[in-house]
Amino acid sequence: MLFADKQPVDVVFFRHLVSDDGSVRHTGDNLVGGAGQGGDDEAILVDLQRVPVHVDQIVFTVNSFTGQTFQEVQNAFCRLVDETTGQELARYTLAGGGEYTAQIMAKVHRSGSGWSMTALGEPARGRTFQDLMPSIQPHL
């Protein structure tokens, strides 16, 4: 989700794969998994240089739209990678994660003339980004 002054201004998810400004792109919803050992089934790509100046935070979440809990999935994880260096900045194991259907993973936010990343890793409940707003708000 893209935020400006703590207010949501755009969201990228399986029904809206590219942000209105084109700076954030979801590669598509993978319903079956299976990218292979350590592989990524889905990706969200962000071009921070293209993010509009009024957007000051981007929050990354993972959620199960079907309501399946992370306890019911195997080998699931989410991670944040700097594509220019290949460096993994944050990684969370979701499999066996209890009765949660979502994770508030991380956020990137404007810091001076650049961007900073904050790893969050907060389990949450919700099938949609609207459901997750109460869990996201304290991190803005």
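Residues numbered from 1 in each chain as written. Predicted model: local features only at pLDDT ≥ 70, side-chain atom pairs only at ≥ 80, totals over all residues. Heavy atoms only, no water.

Peer 1: Please provide a residue-by-residue account of the overall build of the chain, values included.
Peer 2: For the chain, the helix and strand inventory stands at 1 helix and 9 strands. Reading the chain from its N end, one meets helices and strands in the order β-β-β-β-β-β-β-β-β-α. Among the 140 residues that make up the chain, the fraction classed as buried is 31%. Taking as baseline every contact in the chain between residues at least 6 positions apart, the subset at least 24 positions apart corresponds to 52%. Summed over all atoms, the accessible surface of the chain reaches about 8,200 Å², with 47% contributed by carbon and sulfur. (Helix = DSSP H or I, 4+ residues; strand = E, 2+ residues; numbered from the N terminus. Buried < 20%, exposed > 50% of the residue type's maximum accessible area, 1.4 Å probe, protein only. Contact = heavy atoms within 4.5 Å. Areas by Shrake-Rupley, 256 points an atom, 1.4 Å probe, with all protein chains shown as cover.)

Peer 1: Describe unusual backbone geometry, listing the residues and the values that go with them.
Peer 2: The phi torsion at Asp5 lies on the positive side, around 50°, for a residue other than glycine. Within the secondary structure layout, Asp5 lies in the loop between β1 (2-4) and β2 (7-10). Positive phi, normally seen in glycine, also occurs at Lys6, with a value near 70°. Looking at the element boundaries, Lys6 is found in the loop between β1 and β2. Its relative accessible area of 44% is what places Lys6 among the partly exposed residues.

Peer 1: Talk me through the sheet that holds β1; I want residue IDs and the actual numbers.
Peer 2: Spatial ordering of the open sheet is given by β2-β1-β5-β8-β9, a layout of 5 strands whose pairing is antiparallel. Two strands bound the open sheet, and with one partner strand each, they are β2 and β9 (114-124). Strand-to-strand twist in this sheet, taken as the mean axis angle between neighbours without regard to direction, amounts to 30°. Bridge count for strand β5 (residues 57-63) against strand β8 (residues 102-111) is 7 bridges, and the pairing is antiparallel. Bridge pairing in β8 places Gln57 opposite His109. (Pairing = 2+ DSSP bridges. Axes fitted to C-alpha atoms, helices over the stretch in contact; angles between N-to-C directions.)

Peer 1: So what's going on with the pairing of β5? Which residues, and what values?
Peer 2: As judged from the 2 bridges shared by β1 and β5, these two strands associate in the antiparallel manner. Bridge pairing in β5 links Phe3 to Gln57.

Peer 1: Hey, could you go over the pairing of β8 for me, with residue numbers and the actual values?
Peer 2: Burial of β8 is extensive: 7 of the 10 residues sit out of reach of the surface. Between β8 and β9, which pair antiparallel one after the other, the connecting turn spans 2 residues, and Gly112 there sits at a positive phi close to 65°.

Peer 1: Please provide a residue-by-residue account of the packing of aromatic side chains, values included.
Peer 2: What the rule picks out here adds up to 3 aromatic pairs. By way of ring pairs, the aromatic residues Phe13, Phe14, Phe65 and Phe129 are connected into one cluster. The ring of Phe65 has Arg127 lying over it, and the distance from NZ or CZ to the ring centre is 4.7 Å. (Phe/Tyr/Trp six-rings, centres within 6.5 Å; stacked < 30°, edge-to-face > 60°. Lys NZ or Arg CZ within 6 Å of the ring centre and 35° of its normal.)

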